[in-house]
Structures are given as C-alpha cells and as structure tokens.
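Listed below are the residues making up each chain.
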Amino acid sequence: MNTTVTTPQTVDSQEADHEVIARVLRGDRNSFGVLIRRYSDALYRHALGMTGSPDVAEDILQASFIKAYQHLGEVHGRFDAWIFRIVANGCKDWLKNIRRTHLSYDEDDQPSSFATPDEDLDRTELRSDLDRALASLAPSLREAFVMKHVEGRAYEEMAVLLGTTVGALKMRVHRAREALQTLLEDKYA
Amino acid sequence: MLDNTDPMERTSSAPPPERRTAPAARPLADREVPIEGQTAASINAWLDGDVPESAVRRAATTRDVDFWLRIEKEVEVRRAMKTPVHVYQQIMESLPEAAPRTTHWYERELTVKPLLAFTAAAAAVAVGIGIGIALMK
C-alpha cells in the first residue's frame, strides 16, 4: 500500500505562487484567493486530523490564512511550506491550550465510499475509535501519522515541511502505527 | 519405629522430585500471531510503500495486513475530504482591506544563534581594541 500522492508543489507552481504573491502585494486582494484555493484542502485535512473537530479546523484555517495575508511580504521561499508551518503551529497551540473531551467530526457533507448501511455503521464506529486512538497519541506522533496517512505526503516532503530528517519522521510514523495497532487491534484485527 | 511424617525431609532412597521449570520460550517464528502491540518491520515497509502487499501476506502477518487495510479504507475517506465551501468565502471576507505591507530587508526578523552572536561580539571587541591601540600610538 503506497499512500504517497503527488503534492501540488512543483517548480512551475512555485513560480506561480511568487507571481500571485507579487500581485497581492501590489494591492490585488482577490488574488490571495488563488493561494487559498490551491492549498486549503491539504491544510484543512491536516487541521482536522490534528484537532478532530471540523469547527476548530475551520477556525485554525481561517486564522492562518489571515495571518499569512498580513505577513505576506515576509515570505522568502516556498509559500506552501510557510503556510503549512502557520497552520501546524496553530494546531499545536490549540492542543496545548485545550483539554478536550471526545470530539468526532461529522462527515455528512462528504461522500461515503462504503456501499451498504452495515458498512456505514461499521465505519462510523471505526471512525470514532480511530479518532479516540489518534487523540491519545503524542502530538508529534499524531502529526507524523496524519501527514503520512491522511494527507498522503512522502517522507521527503514531510521532512521539508517540518524541518527534520526522513529517519526521524519514519520513526515517529512507526511508533504511531504501533500505538494505534495496540489500541485498536483487539477490536478490528 | 515411627513413620517419618516430615514433608521437608527426604529419604535417601527416594529420587529427588523433579523441579518444575518454565518451558523455554518458543522462537518467534513458531508464534501463530505476531507479538501483541508490535507493528512488524515488514508491515511498516509495506505501509511506507517500500514493498508490495503480496510480499507481506504471509500467514504470520495476514492479521496485521487485514487490520491496516481496514484502517487504510477509513483513512482514504479522510484523504479525499475537501475544505467546506463556506470557509473560502469566510476567509476572503475576513481579510483586511489594506494590502499587506512589503517588508524591507532592514525590517525583517533576524535570527542569530548564540555562538554567532558571541563570535560577532568578540570580533567587535577585538576590532575596537585594535583601533584604540592604533589611536594611542
């Protein structure tokens, strides 16, 4: 099973990011919407995976893009890595400050890939259990697991975004898998 | 003659009772299921995309493979999730009216490591001393 998917970051789009940023800095406020559309889905999935709450994920996403807009003149390098760090820090701050009760997100808006009502019921239970198991992980392990499995990023991309090594990230993901398997295997293995 | 009823005393003719010893641990390869709580290296290699599923589908890891396939099915749904449509509009409406300010190079944050700061300070002191000595002459 290879969960790696192509990231939106290519050399061309990197250049395009700079062009868009230049337009925004010249006063074209609406051009910032291009950057929001380009990166919001991946960032939303990260925030949702880290917080487990769609409302919180939306708030973090909104606050992060506003902060990014205000400081857009300070971007030196990849915009996607820069905005990712803003969102990731927002998630970590939220995790530090909030002692959460169980949160499980509602995916009524999202299409279901399960064919039968029984499968939907099973999946609802698995979704809740997986949320609980993810919430019990240390933030660094949860972050690595979410980036690898939920966001489908390659280790190399994760290393760039988090400013660490591929080896360290592999260790975190492996430890997260081990913890999740320990927590869930009695019921689902 | 009295019978010896002391259970702790053995007669010399009776063989010593065999001590119960713990059975030797079976090698890992004999286990029917992997050690609980352990995600095998082969499973991690498969989940990392380094080896195909067929390579890890042995009897000893079938349970693990099935477990992770089930988790992956759930995760796939999450991977396909999109930002709710109203969020884009909310963000655009919340942006300040004023264009973001371009930061000049002299206004940017400067990060200096302690070692570099110490070296720079030492160099400045040395240059100051050098200038002072030159002026004294």
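Residues numbered from 1 in each chain as written. Chains lettered and ligands numbered in written order. Predicted model: local features only at pLDDT ≥ 70, side-chain atom pairs only at ≥ 80, totals over all residues. Heavy atoms only, no water.

K.L.:
Can you help me understand the side chain of R29 of chain A in this one?
P.N.:
Mapped onto the elements of the fold, R29 of chain A is located in the loop between α1 (11-25) and α2 (32-51). On the basis of relative accessible area, R29 of chain A is assigned to the buried category, the value being 18%. For R29 of chain A, the side chain forms a polar contact with the main-chain oxygen of M92 of chain B, separated by 2.9 Å. One polar contact links the side chain of R29 of chain A to the main-chain carbonyl oxygen of L95 of chain B, over a distance of 2.9 Å. Once you skip the residues sitting within four places of it in the chain, R29 of chain A turns out to touch Y69 of chain A together with M92, E93, L95, P96 and E97 of chain B. (Helix = DSSP H or I, 4+ residues; strand = E, 2+ residues; numbered from the N terminus. Buried < 20%, exposed > 50% of the residue type's maximum accessible area, 1.4 Å probe, protein only. Polar contact = N/O pair within 3.5 Å; in protein donor to acceptor, adjacent residues only side chain to side chain. Contact = heavy atoms within 4.5 Å.)

K.L.:
Quick question: what am I supposed to make of the confidence of the model for chain B here?
P.N.:
As a general rule, the predicted coordinates of low-pLDDT regions are not to be interpreted in detail. Residue and element names in this part refer to chain B. Of the residues in chain B, 65% reach a pLDDT of 70 or more, and the chain-wide mean stands at 75. Confidence, expressed as mean pLDDT per element, reaches its minimum in chain B at helix α2 (residues 53-56) with 82 and its maximum at helix α4 (residues 85-94) with 94. Within the model, pLDDT remains below 50 along residues 1-37, and this stretch shows 14 contacts once partners closer than five positions in the same chain are excluded. Overall fold confidence for the complex sits at a pTM of 0.68, while the interface term, ipTM, reaches 0.74. (pLDDT = per-residue confidence, 0-100.)

K.L.:
Help me understand the nonpolar core, please; the structure alone is not making it clear to me.
P.N.:
One broad trend across soluble globular proteins is that nonpolar side chains are buried collectively. Residues F32, L43, F65, L72 and F79 of chain A are the most contacted members of the largest nonpolar core, which totals 47 residues. Those elements that provide at least two residues to this core are α1, α2, α3 (54-70), α4 (79-97), α6 (139-150), α7 (155-162) and α8 (166-188) of chain A together with α4 of chain B. Residues in contact with L43 of chain A, not counting those within four places in the same chain, are L61, F65, I83, F84 and V87 of chain A. Core analysis: the next-biggest nonpolar cluster, separate from the first, contains 22 residues, F145 and L184 of chain A together with I43 and V65 of chain B among them. (Core = buried A, V, L, I, M, F, W, Y, C linked by side-chain atoms within 4.5 Å.)

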